[in-house]
Amino acid sequence: MHGAITAILISMAMVAIVAGFAAGGYYTAMQAPKSPEITIQTKAAELGNIISKNETGIVFGFSTGGLMMVEEELGAFNITLSLPGGSQSVKLGRNALCIIGGATASAPRENFSVLSVGQDPSFLEGCSRVRVFDGMLGGERAAFIMPIPSIGYARSASDLNVTTHSVRIIIGRIDGPFSAAGTFDLLLLKRCWKGLTFSRYVDVPGTAEISVDGAKALSFSVSSGEKITVEIGCVCYTPIRLR
């Protein structure tokens, strides 16, 4: 009888141990780094969320799957402001975090994000701030996480009943040098500066248009006597690897 009870207790203990290993194995599996394709997408979204809030933040558990991630200059965005009475182009620095040897399943996206017309462009809340895409870097395949310009537009009337069209173009830059590999926490420290701001009254009615790299991003009609204000600025982030 005593032997039977001992056998039952041992069996129960074994079941408990096996269950514990199973639970532990599940926990380990849940904590294991995701594949680069998935991690790039999810972590890029978190990075874009930090930029959209215009604040310092941390992306926890960024995994490159052992691949090297570096900050890389990619030239400049060409932003053209075509307004009644003339047009001008400005350059905004284009850079990205590049995972060398990585790849994504992301479809190509435009190099800009536009806020819904009629909303307050105070800081373009609700816009995507990054584009994720595949490319080549130094002859190697690479996955790119690139901040993109966000464009906001609002139309309002002043106390003197003058209609004002307000355009705000903001880009979050990630400045290096930076390199890391494996799994780490990415701290983004913010440094802000304001670019140029100008305004003019409309003499000739027509259409105002904003384009980025030749692609139309925004257009709106204006009438004589109305006012157009344009602000272009940058928000700079310095990445620091925490672990």
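Given the structure is predicted, the values throughout are model-derived calculations rather than measurements.

**Considering the overall build of the protein**
Across its full length, the protein holds two helices and eleven strands. Scanning the protein from its N terminus toward the C terminus, one meets helices and strands in the order α-α-β-β-β-β-β-β-β-β-β-β-β. Counting all 243 residues of the protein, 42% fall into the buried class. Once local pairs closer than 6 in sequence are excluded, the contacts in the protein between residues at least 24 apart make up 72%.

**Observations regarding the pairing of strand E6 (residues 150–157)**
Of the pairings in the sheet, the one linking strand E3 (residues 113–114) to E6 comprises two bridges and is parallel in character. Note that in E6 the partner of Val114 across the bridge is Ile151. Two strands pair when backbone bridges link them, and E6 and strand E7 (residues 163–174) are joined in this way by eight bridges, in the antiparallel orientation. By the bridge assignment for E7, Ser156 is matched with Thr164.

**Considering a nonpolar patch on the surface**
The grouping of Ile58, Phe60, Leu189, Ile240 and Leu242 at the surface amounts to a nonpolar patch, some 400 Å² of accessible area in total. Locating Phe60 in the fold gives a position in strand E1 (residues 57–83).

**Quick look at unusual backbone geometry**
Following Gly176, the chain continues to Pro177 via a peptide bond in cis, the omega torsion being 5 degrees. Residue placement: Pro177 occurs in the loop between E7 and strand E8 (179–201). Despite not being glycine, Asn54 has its phi angle at roughly 55 degrees, a positive value. Counting through the fold element by element, Asn54 comes out in the loop between helix H2 (36–52) and E1. Although it is not a glycine, Asp213 sits at a positive phi angle of roughly 55 degrees. By the secondary structure assignment, Asp213 is in the loop between strand E9 (206–212) and strand E10 (215–222).

**Looking at the pairing of E7**
Counting buried residues along E7, eleven of its twelve residues qualify, which places the element largely inside the surrounding structure. In the sheet, E7 pairs with strand E11 (residues 227–241) via eleven bridges, with the strands oriented parallel. Paired with Ile174 across the two strands is Tyr237, which belongs to E11.

**Describing the confidence of the model for the protein**
Taken as a whole, the protein shows an average pLDDT of 79; of its residues, 79% reach a score of 70 or greater. When the elements of the protein are averaged for pLDDT, helix H1 (residues 2–31) gives the smallest value, 37, and E9 the largest, 93. Within the model, pLDDT remains below 50 along residues 2–34, and this stretch shows four contacts once partners closer than five positions in the same chain are excluded.

**Here we look at the packing of aromatic side chains**
Following the criterion strictly, the structure yields four aromatic pairs and no others. A connected cluster of aromatic rings, assembled from ring pairs, spans Phe62, Phe178 and Phe184. Sitting over the face of the ring of Phe77, Arg94 holds its NZ or CZ atom 4.2 Å from the ring centroid. A cation over a ring is seen here: Arg131 above Phe133, with NZ or CZ 4.4 Å from the ring centre.

Calculation notes
Residues numbered from 1 in each chain as written. Predicted model: local features only at pLDDT ≥ 70, side-chain atom pairs only at ≥ 80, totals over all residues. Heavy atoms only, no water. Helix = DSSP H or I, 4+ residues; strand = E, 2+ residues; numbered from the N terminus. Buried < 20%, exposed > 50% of the residue type's maximum accessible area, 1.4 Å probe, protein only. Contact = heavy atoms within 4.5 Å. Pairing = 2+ DSSP bridges. Patch = residues over 30% accessible without salt bridge, like charges linked within 9 Å, V, L, I, M, F, W, Y side chains within 5 Å. Areas by Shrake-Rupley, 256 points an atom, 1.4 Å probe, with all protein chains shown as cover. Salt bridge = Lys/Arg side-chain N within 4 Å of Asp/Glu carboxyl O. pLDDT = per-residue confidence, 0-100. Phe/Tyr/Trp six-rings, centres within 6.5 Å; stacked < 30°, edge-to-face > 60°. Lys NZ or Arg CZ within 6 Å of the ring centre and 35° of its normal.

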